[in-house]
Amino acid sequence: MDAAPWQAPPTDVLGHTVPIQQFVAKTKRAVVALEHVAAFPEGCILTLHLAVRRGPLDDSAWKGVVESHYGAEPGPTTTEEGLKFGVRFPDGSRATTVEHPFRGWAHPSDKPERPMLVEAGSDSSSNEQNYRCHQRLWLWPLPPPVVFEFVVEWRNIGIGQTSATIDGSAVVRAAEHAAPFWV
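This report concerns the structure included in the present document. (Residues numbered from 1 in each chain as written. Predicted model: local features only at pLDDT ≥ 70, side-chain atom pairs only at ≥ 80, totals over all residues. Heavy atoms only, no water.)

**Thoughts on the layout of surface pockets**
At step 1: Here the second largest pocket is characterised by a volume of approximately 220 Å³.
At step 2: Every residue lining the second largest pocket is counted, 14 residues in all, and those nearest its centre are Phe-85, Arg-94, Thr-96, Val-151 and Gln-161.
At step 3: Listing elements by their share of the lining of the second largest pocket, those giving two or more residues are strand 5 (83–88), strand 6 (94–96) and strand 9 (147–154).
At step 4: Here the element with the most residues in the lining of the second largest pocket is strand 5; it accounts for five residues. (1 Å grid on protein atoms, 1.4 Å probe; cavity = no way out; pocket = protein on both sides within 12 Å on 5 of 7 lines; lining within 4 Å. Points joined across faces, edges and corners; volume = space filled by probe spheres on them. Helix = DSSP H or I, 4+ residues; strand = E, 2+ residues; numbered from the N terminus.)

**Points about the pattern of salt bridges**
At step 1: The final tally for this structure, using the stated rule, is six salt bridges.
At step 2: A salt bridge links Arg-54 to Asp-59; its shortest N-O distance comes to 2.6 Å.
At step 3: Overall, the relative accessible area of 55% leaves Asp-59 in the exposed class.
At step 4: Residue Arg-136 pairs with Asp-123 through a salt bridge whose shortest N-O separation is 3.5 Å. Within this pair, whereas Arg-136 is found in strand 8 (residues 130–140), its partner Asp-123 is found in strand 7 (residues 116–126), the two being separated by 13 residues in sequence.
At step 5: What makes Arg-136 partly exposed here is its relative accessible area of 26%.
At step 6: Its relative accessible area of 43% is what places Asp-123 among the partly exposed residues.
At step 7: What emerges from the salt-bridge pattern is a single network uniting Arg-54, Asp-59 and Glu-128. (Salt bridge = Lys/Arg side-chain N within 4 Å of Asp/Glu carboxyl O. Buried < 20%, exposed > 50% of the residue type's maximum accessible area, 1.4 Å probe, protein only.)

**Quick look at unusual backbone geometry**
At step 1: Of note, the amide linkage connecting Trp-140 to Pro-141 takes the cis form, showing an omega dihedral of -10°.
At step 2: With respect to the element layout, Pro-141 can be found in the loop between strand 8 and strand 9.

**Some points on the sheet that holds strand 10 (residues 159–167)**
As a general point, the strands of a sheet are linked pairwise by backbone hydrogen bonds and lie either parallel or antiparallel.
At step 1: Here we have four strands laid out as an open sheet, ordered 6-5-9-10, and antiparallel in their pairing. The two strands at the open ends of the sheet, each matched to only one other strand, are strand 6 and strand 10. The average undirected angle you get between the axes of adjacent strands in this sheet is 20°.
At step 2: Sheet topology places strand 9 next to strand 10; seven bridges connect them, and they run antiparallel. Paired with Trp-154 across the bridge in strand 10 is Ile-159.
At step 3: Running over the sheet, helix 2 (residues 168–175) touches strand 9 and strand 10 and is turned about 55° from strand 10. (Pairing = 2+ DSSP bridges. Axes fitted to C-alpha atoms, helices over the stretch in contact; angles between N-to-C directions. Contact = heavy atoms within 4.5 Å.)

**Details of the sheet that holds strand 4 (residues 44–53)**
At step 1: The five strands are arranged 2-3-4-8-7 in an open sheet whose pairing can be described as antiparallel. What marks the edges here is a single partner per strand, and that holds for strand 2 (16–26) and strand 7. Recorded for the sheet is a direction-independent mean angle of 20° between the axes of neighbouring strands.

**Considerations on helix 2**
At step 1: Of all eight residues in helix 2, six are buried, a share of seventy percent or more.
At step 2: At its buried positions, helix 2 is contacted by strand 2, strand 3 (30–39), strand 4, strand 9 and strand 10.

**Comments concerning the pairing of strand 2**
At step 1: As paired strands, strand 2 and strand 3 are joined by eight bridges and run antiparallel to one another. Bridging across to strand 3, Pro-19 finds its partner in His-36.
At step 2: Between strand 2 and strand 3, which pair antiparallel and follow one another directly, the connecting turn spans three residues.

Structure (structure tokens):
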């Protein structure tokens with residue numbers, strides 16, 4: 001059984017990509033870049049690239065940085081210092097990866113309030129000097145056809161709340177070209 005549309009992207013549809021290629025945050029030690037959006041009829045996946053250089057951090061501080069994104073459970077932690085993502089729309093609605101209407105996976109009949117921003121997978125690697133991650137976030141429903149903000153904050157590596165804009169009309173147009181696997 002597939003997840004409900006607000007829980008994850010569809011497993012039988014090829015999303016249509018909108019290139020973004022924009023730095024959301026860039027410091028001497030860290031980069032958060034929004035690479036592209038894959039649009040589906042019900043929502044979209046935001047794909048990010050994260051990179052952190054260790055620099056002068058001792059072992060304990062370095063472990064804290066890596067774990068602030070990937071801790072005991074997959075994905076960003078909800079600590080004040082950890083990595084947080086969000087979206088803001090012109091009508092005042094917003095969603096973050098740390099403020100879910102449901103903790104964990106709710107029953108598919110328990111429909112949440114809109115919008116939702118949930119983690120949709122990641123792959124990462126790290127060594128003694130570098131941390132890299134490709135992070136995917138599922139935004140439900142499809143954004144309105146207006147410019148909206150993508151927001152990131154990762155305090156323990158020196159990134160305060162910062163944002164980039166996304167053209168919602170480009171995402172909506174791309175969703176019209178999403179292709180079902182089966183006809």
